[in-house]
Amino acid sequence: MTARDIILEAHGLKLHFTTAKPLFGKAKIIRAVDGVDLRIRRGETLAIVGESGCGKSTLARLLVRLFSPTEGSVTYDGQNIANKSEHDMRALRRDLQFIFQDPFSSLNPQMSVGALIEEPLRVHRIGTPAERRTKVAHLLSRVGLSPQIADRYPHEFSGGQRQRIGIARALASGPKVLIGDEPVSALDVSIQAQVVNILEDLKEEFGLTLVIIAHDLAVVRHMADRVAVMYLGEIVELASVDALFNAPRHPYTAALIAAIPVPHIGARVATAKLQGDPPNPIDLPTGCRFYPRCPHATDLCRSERPILTNSDHQVACHFADDLNLAGLSDNATARSPAAAARFDLYREARARKDKEAAT
Ligand SMILES: Nc1ncnc2c1ncn2[C@@H]1O[C@H](COP(=O)(O)OP(=O)(O)OP(=O)(O)O)[C@@H](O)[C@H]1O
Ligand SMILES: [Mg+2]
């Protein structure tokens, strides 16, 4: 792999927040992102997964300089953007776009749909007013909405429609990298499949690199080429989607896969269960951060922090070579009809779309 193949690279990336100072005692440090090295390949779809609070949104915002790091660099197009001013970022904003989780609060209710989608074009002085109107109409139709709706306002639309408006807006400036922070989590399941498929088609059409943050492993398995698993501010495993789901090497990844729900209430596939809550990013355990919840932990895990390997299938676990962890083999999917049903839903939506495109 050459430097040209890497579009965005994070090195030693940290963002520590400081809590408000209490009346007695000292302010505490929250290690939201704590030493991430990541190379995003041009044209890939990379998913970032992990439990709530592990630092996914913070990392995503760092990658497009919506946050500045405490330490480390983010390189885009040969430039370190980590500490660039908003002014210096202006030209690069065209290339690096972000889709927010919440389609209800991320669109200005005072602006018409057309004005919302046109805004990035105006900001970057792209095209004449007539060309911009044509572009808005094209973008609306690409996300499956009628160009006639340009004069209407966001509150007149459903969650799924608003998320499509948000996607059209993110695409207006012709970005190279699109980061979606849980872009479909607020939508109901059948609408999710439509929006996911729209994102995939647009990725082809616009030659995008996609970074998708998602809780839902069905979405991840369907969309991603590679998956990064985060735990308490660190990446603990990163591999191709098939390697990660079929042969996970970190006990935490195995536990996430095993926790894909099955339909009877409370039941889970009976393998490596995730015990307890994730520890607090203020009081981190010494050694491996996962050891308090890991069924395989030893004294070594308590005292030594494992380093993420630098290989095709990256993992940060002292015992990755010794453990034989269960993955989401077809067998496991069969044992988890709910997961199988979700995967089928995406396949069906895709097949329907391909059929429509062919006729
Ligand atoms: N602006 C902030 N100030 C202080 N702490 C913050 C701030 N933003 C995030 N945090 C803390 O940093 C940690 C990581 O938060 P982050 O939002 O990145 O998690 P996440 O993985 O995106 O979670 P979720 O899945 O719930 O969206 C959490 O402990 C969170 O409380
Ligand atoms: Mg988040």
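Details of the structure are given in the entry above.
A quick note: this is a predicted structure, and the numbers were derived from the prediction, not measured.

1. Some points on the sheet that holds strand E5 (residues 79-80)
Here is step 1: Ordered in space as E2-E1-E4-E5, the four strands form an open sheet in which the pairing is antiparallel. Either end of the sheet is taken by a strand with one partner, and the two such strands are strand E2 (29-41) and E5.
Here is step 2: Bridging between strand E1 (residues 6-18) and E2 involves ten bridges; their strand directions are antiparallel. The partner of Leu15 across the bridge, within E2, is Val33.

2. Re the site of ligand 1
Here is step 1: For ligand 1, the full set of nearby residues is Phe17, Ile30, Ala32, Gly50, Ser52, Gly53, Cys54, Gly55, Lys56, Ser57, Thr58 and Pro281.
Here is step 2: Listed by contribution, the elements that provide at least two residues to the shell around ligand 1 are E2 and helix H1 (56-63).
Here is step 3: Looking at which element gives the most residues to the shell around ligand 1, the answer is H1, with three residues.
Here is step 4: Partitioned by chemical class, the residues of the shell around ligand 1 number five nonpolar, six polar and one charged.

3. Notes on the environment of Arg39
Here is step 1: Examined against the element boundaries, Arg39 turns out to sit in strand E2.
Here is step 2: For Arg39, a count of 16 C-beta atoms within 10 Å puts it in the partly exposed group.
Here is step 3: Taking the C-alpha atoms as reference, Arg39 lies 4.5 Å from Glu9; in sequence the two are 30 residues apart.
Here is step 4: Residues within four places of Arg39 in sequence aside, it is in contact with Ile6 and Glu9.

4. Section: the environment of Ala10
Here is step 1: Inspection of the secondary structure assignment puts Ala10 in strand E1.
Here is step 2: Here Ala10 falls in the buried class, since 22 other C-beta atoms lie within 10 Å of it.
Here is step 3: In this structure, the C-alpha to C-alpha distance between Ala10 and Gly35, residues 25 residues apart in sequence, is 9.3 Å.

5. Looking at helix H4 (residues 129-142)
Here is step 1: Under the 1.5 Å per step criterion, the end-to-end length of H4 is 20 Å for 14 residues, consistent within 8% with the ideal 20 Å.
Here is step 2: Every buried residue of H4 is listed here: Val136, Leu139 and Leu140. All buried residues of H4 project into a common sector of 100 degrees when viewed along the axis, lining one side. In H4, the exposed positions angled more than 90 degrees off the buried face are occupied by Ala130, Glu131, His138 and Ser141.
Here is step 3: In this structure, the buried residues of H4 make contact with helix H3 (113-123) and helix H5 (159-172).
Here is step 4: Gly144 lies just past H4 and shows a positive phi near 80 degrees.

How each quantity is defined
- All residue numbers refer to positions counted from 1 along the written sequence of the respective chain.
- For naming, the first written chain is A and the first written ligand is 1, with later ones following in the order written.
- Only residues with pLDDT of at least 70 are given local features in this predicted model, and only at 80 or more are side-chain atom pairs given and counted; all residues enter the totals for whole chains, interfaces and linings.
- Pairing between strands is defined by DSSP: at least two bridges between them are needed.
- Helical segments are the DSSP runs of H or I of at least four residues, strand segments are the runs of E of at least two, and each set is numbered from the N terminus.
- Using the backbone to place each C-beta atom, any residue with that atom within 6 Å of a molecule or strand is considered near it.
- Three classes are used, and their members are as follows: Ala, Val, Leu, Ile, Met, Phe, Trp, Tyr, Cys and Pro are nonpolar, Asp, Glu, Lys and Arg are charged, and the others, Gly among them, are polar.
- Any residue with 12 or fewer other C-beta atoms within 10 Å of its own C-beta is exposed, any with 20 or more is buried, and the rest are partly exposed; the C-beta atoms used are placed from the backbone.
- Two residues qualify as a contact pair if the distance between their C-beta atoms, derived from the backbone, is within 7 Å.
- Each helix should span, by expectation, one fewer than its residue count multiplied by 1.5 Å.
- The reported arc concerns the directions from the helix axis to the C-beta atoms and nothing else.

That's the geometry; what it means functionally is another story.
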